[in-house]
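Summary of structural features
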Amino acid sequence: MIAGLKGKRARLSVSIAVGALFGLAGTAVAGPQNTSRTAESVAGKQLAQSFYNLSGTWRGRYFYNNGQRPVPFVARLRDNGGFIRGRMREPNTFGRPGARFLSAFLRGRVTGRRVRLVKSYDGRGGQRHSVFYNGRLRRGGTVISGFWRLGGASGRFFMTRR
């Protein structure tokens, strides 16, 4: 806390200082009751933002390290200040027979050019597990490429904005 200040005044002063540090003066202070949390959440959101908005339809492929054929997919992303939500659909290459496609929820975060996503299969085709994607934005924000992992399995992936 700041010397000589107590309680709400100290929290307000810290919030203003944090807001000024991140260039958020005037936007971070909502009132004395929640000022420190407001400044932190606004500052965190600003730090999470990317150079590009990733909202839209992306097409890509993921590759296995064991030589198995690459799997194409379509992802629809929604970017809210660097916080990603979306859906992904791919052909059924390992799920229960009879299901043509597997689908999954996507959630993640973008910081600068770094993209981290978690793909959680929704149960279609009998699959309910999560895969972790770690990639980088390239080519003016139109390509994401990197690596995925699931337990001991891993491989490369890329996706291109349509």
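Structure's up top.
Attention shifts here to the pattern of salt bridges. This structure, assessed with the given rule, holds two salt bridges. Between D122 and R87 there is a salt bridge, and its shortest N-O distance comes to 3.0 Å. Within this pair, whereas D122 is found in the loop between β5 (114-121) and β6 (130-138), its partner R87 is found in strand β3 (residues 83-91), the two being separated by 35 residues in sequence. Judged by its relative accessible area of 18%, D122 falls in the buried class.

Within the secondary structure, S103 is located in strand β4 (residues 101-111). At a separation of 2.6 Å, a polar atom in the side chain of S103 contacts the side chain of D122. Residue contacts for S103: discarding those within four places in its chain leaves R87, M88, R89, Y121, D122 and R124.

For the rest of this paragraph, the subject is a positive patch on the surface. Positive charge collects at one region of the surface, where R59, R76, R89, R100, R124 and R162 lie side by side. Note on placement: R59 falls in strand β1 (residues 56-62).

Of note, R89 is situated in strand β3. Owing to a relative accessible area of 42%, R89 belongs among the partly exposed residues under this scheme. Taking C-alpha positions, R89 is 8.9 Å from R76, a pair spaced 13 residues apart along the chain. Residues within four places of R89 in sequence aside, it is in contact with P72, F73, V74, F101, L102 and S103.

Conventions adopted
- Residues numbered from 1 in each chain as written.
- Predicted model: local features only at pLDDT ≥ 70, side-chain atom pairs only at ≥ 80, totals over all residues.
- Heavy atoms only, no water.
- Salt bridge = Lys/Arg side-chain N within 4 Å of Asp/Glu carboxyl O.
- Helix = DSSP H or I, 4+ residues; strand = E, 2+ residues; numbered from the N terminus.
- Buried < 20%, exposed > 50% of the residue type's maximum accessible area, 1.4 Å probe, protein only.
- Polar contact = N/O pair within 3.5 Å; in protein donor to acceptor, adjacent residues only side chain to side chain.
- Contact = heavy atoms within 4.5 Å.
- Patch = residues over 30% accessible without salt bridge, like charges linked within 9 Å, V, L, I, M, F, W, Y side chains within 5 Å.
- Areas by Shrake-Rupley, 256 points an atom, 1.4 Å probe, with all protein chains shown as cover.
- Lys, Arg positive; Asp, Glu negative; His and termini not counted.
- Charge placed at Lys NZ, Arg CZ, Asp CG, Glu CD.

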